[in-house]
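Each chain, written out:
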Amino acid sequence: MSEERIATNLRKGVLEYCVLALLSHGEKYGLELAGDLTARELIASEGSLYPLLARMRENGLVEPRWDTSGTGRPRRYYAITQHGSEQLATFTRVWVSLGAQVDALLEGSR
Amino acid sequence: MRRATTTEGTTMNADTEDTYLRDVAKRLRALTPAQRSAVLDDVRAHFADAAEAGRTPEQAVEGLGDPATFTRRVQAELGHDADRAGRIRRVLQWTAVAMAVFTAMFETFLWPDGMTFGLFLPIQGDGFAVVLWSLVPALVAALPLVVPARARTATTVVVLAALTALALAAQMTFVPTAMLAWAALIVPVIARHGRPAPAWRIAGGVLLMLPSAQLLSGALAGSWGMDAEAMIYTAVPVGLGLLLLVGRSWPGVVVAAFGAGVLVWGTLDLGMLFLLLWWAGGLFLTVGLSHALAHANLRRTGRA
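Residues numbered from 1 in each chain as written. Chains lettered and ligands numbered in written order. Predicted model: local features only at pLDDT ≥ 70, side-chain atom pairs only at ≥ 80, totals over all residues.

*Asks:* Where do I start with the overall build of chain B in this structure?
*Replies:* On a plain count of helices and strands, chain B comes out with 14 helices and zero strands. Secondary structure elements of chain B occur, N-terminal to C-terminal, as α-α-α-α-α-α-α-α-α-α-α-α-α-α. Within chain B, the proportion of its 304 residues that are buried is 37%. Restricting to contacts in chain B with at least 6 residues of sequence separation, those with at least 24 account for 70%. (Helix = DSSP H or I, 4+ residues; strand = E, 2+ residues; numbered from the N terminus. Buried ≥ 20, exposed ≤ 12 C-beta atoms within 10 Å, placed from the backbone. Contact = placed C-beta atoms within 7 Å.)

Next comes the structure, spelled out in structure tokens:
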């Protein structure tokens with residue numbers, strides 16, 4: 001399997017938790033979120049972010065809102081929900097333990 | 001220079017965005033209204049954010065991907081109706097099989113001696129052999145349900161050709177079976193993105209009125225008189241046809257149930273117009289069921 005293929009498969013499993021982690025620092029609008037994710041090479045373009053947000057919204061992990069308070073045009077912000085924060089905490093536990101196991105294995109195999 | 005093109009530029013922005021939104025909305029018809037409008041809000045916000053970041057609408061579209069790819073991703077993420085077309089196809093195909101079995105039972109046990117409408121039974125005598133022979137169309141109709149996905153389209157076309165030839169050339173009682181098998185090929189395609197365009201249900205409604213046209217032309221030609229009973233027979237399909245113009249699922253269920261009733265009634269009351277009644281029943285069942293499936297609200301909660 002190519003390096004790119006392995007990376008794609010792994011990203012697929014963690015992407016929504018990366019979105020939750022980004023939102024846990026404060027709400028963000030779509031393009032901002034997409035920029036953060038593409039900068040970290042987690043997604044290739046916005047085209048895969050909105051479909052993911054659609055599912056996360058459906059599952060109650062994130063919540064959109066139109067912000068009309070500013071002087072400019074209304075902006076659509078995404079925020080993490082209570083359920084989303086709980087899921088992120090669970091993922092963090094799993095990731096730390098799984099990551100440690102995988103690291104140990106990789107160390108041992110050298 | 002830039003200022004001079006602003007108006008034109010704004011119009012172009014709106015055009016690109018509107019076209020994209022319209023296309024996405026059309027392709028997401030199978031989603032619930034709430035899901036769809038949330039996705040459209042995302043797209044609208046994306047265009048606005050991109051414009052603010054100095055991107056052209058074309059660049060904004062580039063980021064999202066073309067509407068077909070984008071909506072496929074949305075549907076895949078929502079786990080939504082990925083198999084809508086497959087489900088519609090299976091229901092119609094199974095109904096065609098059931099219809100073939102019902103036809104076979106009817107032909108074997110209820111068909112009165114001496115009545116022939118191109119009835120084709122090469123095996124005479126032994127009742128069991130006749131039953132087996134008459135079940136062959138049902139087995140043929142079931143083939144597309146059991147072959148691997150790769151061979152499905154080819155099998156469906158061959159089966160359709162065989163059933164249509166059987167129904168038209170040899171055994172006209174199998175016309176309803178053939179109609180359902182045709183619906184199993186066509187309806188999943190026209191309803192794959194959700195509710196089909198209104199033209200389809202208008203076409204369905206017109207199809208339902210065909211038996212009325214037949215009755216009317218018979219009356220005008222003097223084959224039978226236009227008494228009160230005949231008038232009811234003429235009015236009912238027209239009423240059902242009009243009912244189908246309602247773009248909801250339930251009128252289809254009503255029409256399909258009526259069709260099934262007509263089919264059963266046809267077998268119990270074998271009259272001069274038996275074939276007309278039988279075909280009308282098959283038509284109501286096929287069009288009604290197709291309409292109900294194509295307009296069904298396939299709401300499914302997201303993956304937990």
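*Asks:* Help me understand the interface of chain B and chain A, please; the structure alone is not making it clear to me.
*Replies:* Accessible area lost when the parts come together is the quantity often used to give the size of an interface. Contact residues are listed per partner, giving 23 residues for chain B and 19 residues for chain A. Of all the secondary-structure elements, those providing two or more residues to the side of chain B that touches chain A are α2 (33–52), α3 (57–64) and α4 (67–77) of chain B. Per-element tally for the side of chain B that touches chain A: the top contributor is α2 of chain B, with ten residues. For the side of chain B that touches chain A, a count of residues per class yields eleven nonpolar, six polar and six charged. (Nonpolar A, V, L, I, M, F, W, Y, C, P; charged D, E, K, R; others polar.)

*Asks:* Honestly, the environment of L275 of chain B in this entry has me stumped. Any pointers?
*Replies:* When you line up the elements, L275 of chain B lands in helix α14 (residues 274–294). Put simply, L275 of chain B and V175 of chain B are 100 residues apart on the chain and 9.7 Å apart in space, counted from C-alpha to C-alpha.

*Asks:* In this structure, what is going on with the nonpolar core? I would like to understand it.
*Replies:* Nonpolar side chains in soluble globular proteins generally cluster together in the buried interior. Judged by nonpolar contacts, the single largest core of 46 residues is most densely connected at L92, A96, A141, L163, F284 and L293 of chain B. The set of elements that each furnish at least two residues to this core consists of α5 (84–110), α7 (136–146), α8 (149–170), α9 (175–190), α13 (250–268) and α14 of chain B. Take this core: its biggest share by element is twelve residues, from α14 of chain B. The residues touching L163 of chain B, leaving out its near neighbours within four places in the chain, are P137, V140, A141, F174, T177, A178 and A181 of chain B. L49, Y50, M56 and I80 of chain A belong to the second-largest nonpolar core, a separate cluster that totals 34 residues. (Core = buried A, V, L, I, M, F, W, Y, C linked by C-beta atoms within 7 Å.)

*Asks:* Just checking my understanding: could you explain the UniProt feature "transmembrane region" (unreviewed entry) in chain B for this structure?
*Replies:* Residue and element names in this part refer to chain B. Sites flagged by UniProt as "transmembrane region" (unreviewed entry) map to residues 91–110, 130–147, 159–187, 199–220 and 270–294. Along residues 159–187 the backbone is 86% helical and 0% strand, and the end-to-end C-alpha distance reaches 17 Å. The span residues 199–220 shows a helical share of 95% and a strand share of 0%, and its end C-alpha atoms are spaced 30 Å apart. (UniProt positions renumbered as here; feature names shortened; annotations may be inferred.)

*Asks:* Sorry, what's going on with the sheet that holds strand β1 (residues 28–29) of chain A here?
*Replies:* Paired through their backbone hydrogen bonds, the strands of a sheet run either parallel or antiparallel. Residue and element names in this part refer to chain A. Ordered in space as β1-β3-β2, the three strands form an open sheet in which the pairing is antiparallel. In this open sheet, the two edge strands, each paired with only one partner strand, are β1 and β2 (62–67). Across six bridges, the pairing between β2 and strand β3 (residues 75–80) is antiparallel. Bridge pairing links V62 to I80 in β3. (Pairing = 2+ DSSP bridges.)

*Asks:* Looking at this model, I keep getting lost on the pairing of β3 of chain A. Mind explaining?
*Replies:* Along a regular strand, successive side chains alternate from one face of the sheet to the other. Across two bridges, the pairing between β1 of chain A and β3 of chain A is antiparallel. The residue of β3 of chain A that forms the bridge with K28 of chain A is Y78 of chain A.

*Asks:* Looking at this model, I keep getting lost on helix α10 (residues 198–208) of chain B. Mind explaining?
*Replies:* Along an α-helix, residues three or four positions apart point the same way, because every turn accommodates 3.6 residues. Residue and element names in this part refer to chain B. Those residues of α10 not exposed but buried are W200, R201, G204, G205 and L208. Angularly, the buried residues of α10 cover 140° about the axis, an arc narrow enough to put them on a single face. Where α10 is buried, its residues meet α9, α12 (228–243), α13 and α14. (Arc of directions from axis to C-beta.)

*Asks:* Please explain α8 of chain B as it appears in this structure.
*Replies:* All names here are of chain B. Under the 1.5 Å per step criterion, the end-to-end length of α8 is 30 Å for 22 residues, consistent within 8% with the ideal 32 Å. In the structure, α8 departs most strongly from a straight axis at T155, where the bend amounts to approximately 30°. The complete set of buried residues in α8 reads T156, V159, L163, L166 and A167. Its buried side turned inward, α8 meets α7 and α9. (Expected span 1.5 Å × (residues − 1). Bend = angle between axes of the 7 residues up to and from the residue.)

*Asks:* Help me understand the confidence of the model for chain B in this model?
*Replies:* Should pLDDT be low for a region, the predicted coordinates there are not to be read in detail. Residues and elements named next belong to chain B. When pLDDT is averaged along chain B, the result is 82, and 85% of the positions lie at 70 or above. Below pLDDT 50 for its whole length, residues 1–9 participates in zero contacts with residues either more than four positions away or in separate chains. Predicted confidence for residues 299–304 stays below pLDDT 50, and this span has ten contacts to residues more than four positions away or in other chains. The complex prediction reports pTM at 0.60, with the ipTM value standing at 0.91. (pLDDT = per-residue confidence, 0-100.)

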